[in-house]
Amino acid sequence: MKCPYCGHPDTKVIDSRPAEDNSSIRRRRSCDECGKRFTTYEKIETIPLIVIKKDNNREQYDRSKIESGILRACYKRPVPADKIQKTIDAVELEIFNREEKEIPSSLIGEIVMDKLKELDPVAYVRFASVYREFKDVNTFMSELKKFLA
Ligand SMILES: [Zn+2]
């Protein structure tokens, strides 16, 4: 992001958080060149992001895919809807905070698992079992034990 004071192209993010409307990210940036600080609001849907899939194909980032994965994992679990939305927001914030143009789908999966761990243990194991493609019950059980330990 270009510095509005001196026009230097490289500025670094010093703080990043969801804006009040929850669909944008508020960032504090500082300029490497002149040292001035400024704030930007970036609409999540206008930040271009490409997801690199397992087969190396690329596709446009799509929030609803993360949403449906998390909803499936939380099916019939006692997790309130607003907590699910907050989890999706947290996943999304972490994804966009990387400030990369591309992200591997495997990394998105890891971030989702990380957040689900805090949300609900069953949802976490469900998601992990689909995501890591557990081949058999033993792998599933060892993952579950690792989690419960
Ligand atoms: Zn500057």
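Quick notes on the rules
Residues numbered from 1 in each chain as written. Predicted model: local features only at pLDDT ≥ 70, side-chain atom pairs only at ≥ 80, totals over all residues. Heavy atoms only, no water. Helix = DSSP H or I, 4+ residues; strand = E, 2+ residues; numbered from the N terminus. Buried < 20%, exposed > 50% of the residue type's maximum accessible area, 1.4 Å probe, protein only. Contact = heavy atoms within 4.5 Å. Areas by Shrake-Rupley, 256 points an atom, 1.4 Å probe, with all protein chains shown as cover. Lys, Arg positive; Asp, Glu negative; His and termini not counted. Charge placed at Lys NZ, Arg CZ, Asp CG, Glu CD. Axes fitted to C-alpha atoms, helices over the stretch in contact; angles between N-to-C directions. Parallel < 35°, antiparallel > 145°, perpendicular 65-115°, else oblique. Left-handed = near helix turned anticlockwise from the far one by under 90°. Nonpolar A, V, L, I, M, F, W, Y, C, P; charged D, E, K, R; others polar. Domains from an automatic or database assignment. Buried area = accessible area lost by both parts, 1.4 Å probe. Salt bridge = Lys/Arg side-chain N within 4 Å of Asp/Glu carboxyl O. Polar contact = N/O pair within 3.5 Å; in protein donor to acceptor, adjacent residues only side chain to side chain. Pairing = 2+ DSSP bridges.

Asks: Would you mind going over the overall build of the protein chain with me for this structure?
Replies: When helices and strands are counted, the protein chain shows 5 helices and 6 strands. Across its three principal directions, the C-alpha atoms of the protein chain cover 60 × 35 × 30 Å. Taken over 149 residues, the protein chain has a buried fraction of 34%. Long-range pairs, those at least 24 residues apart, make up 44% of the contacts in the protein chain with a sequence separation of at least 6. With an accessible surface of roughly 9400 Å², the protein chain has 52% of that area assigned to carbon and sulfur atoms. Distance between charge centres in the protein chain, computed from 29 positive and 26 negative side chains, equals 2 Å.

Asks: Can you walk me through the packing of helix H1 (residues 63–73) against helix H3 (residues 105–119) in this structure?
Replies: The angle between the axes and the distance between the axes are what describe a pair of packed helices. Contact geometry of H1 with H3 gives a least axis separation of 12 Å together with a crossing angle of 40°. Overall, the two elements H1 and H3 adopt an arrangement that is oblique. Crossing of H1 over H3 shows right-handed handedness. Contact residues: H1 offers Ile 66, Ile 70 and Ala 73, while H3 offers Ile 108, Val 112 and Leu 116. Considered class by class, the residues forming the contact of H1 with H3 number 6 nonpolar, no polar and no charged.

Asks: Whenever I open this one, the domain arrangement of the protein chain confuses me. Can you help?
Replies: You'll often see interface size given as the accessible area lost when the parts meet. Taken domain by domain, the protein chain consists of domain 1 (11–43) and domain 2 (50–148). A separation of 26 Å is found between the C-alpha centroids of domain 1 and domain 2. Domain 1 puts 8 residues into the contact, and the matching count from domain 2 is 5 residues. Together, the buried faces of domain 1 and domain 2 total about 500 Å²; carbon and sulfur atoms form 47% of this surface. The interface formed by domain 1 and domain 2 includes 0 salt bridges. Seen at the junction of domain 1 and domain 2, the total is 2 residue pairs in polar contact (both at pLDDT 80 or more). Of all the secondary structure elements, the ones that give two or more residues to the side of domain 1 that touches domain 2 are strand E1 (11–18) and strand E2 (24–31).

Asks: What's the story with the environment of Asp 10 in this structure? I'm lost.
Replies: Here Asp 10 shows up in the segment before E1. Looking at Asp 10, the relative accessible area reads 45%, which means it is partly exposed. For Asp 10 and Lys 36, which are 26 residues apart along the polypeptide, the C-alpha to C-alpha distance reads 12 Å. Residue contacts for Asp 10: discarding those within four places in its chain leaves Met 1, Cys 31 and Asp 32.

Asks: What am I meant to see in the sheet that holds strand E3 (residues 37–43) here?
Replies: Each strand in a sheet pairs with another by means of backbone hydrogen bonds, the pair being arranged parallel or else antiparallel. In spatial order, the strands read E1-E2-E3; together these 3 strands make up an open sheet with antiparallel pairing. Each end of this open sheet is capped by a strand with a single partner; those strands are E1 and E3. Averaged over neighbouring strand pairs, the angle between their axes works out to 25° when direction is ignored. In this structure, E2 lies alongside E3, joined through 7 bridges in antiparallel fashion. Across the sheet, residue Arg 29 finds its bridge partner in E3, namely Phe 38.

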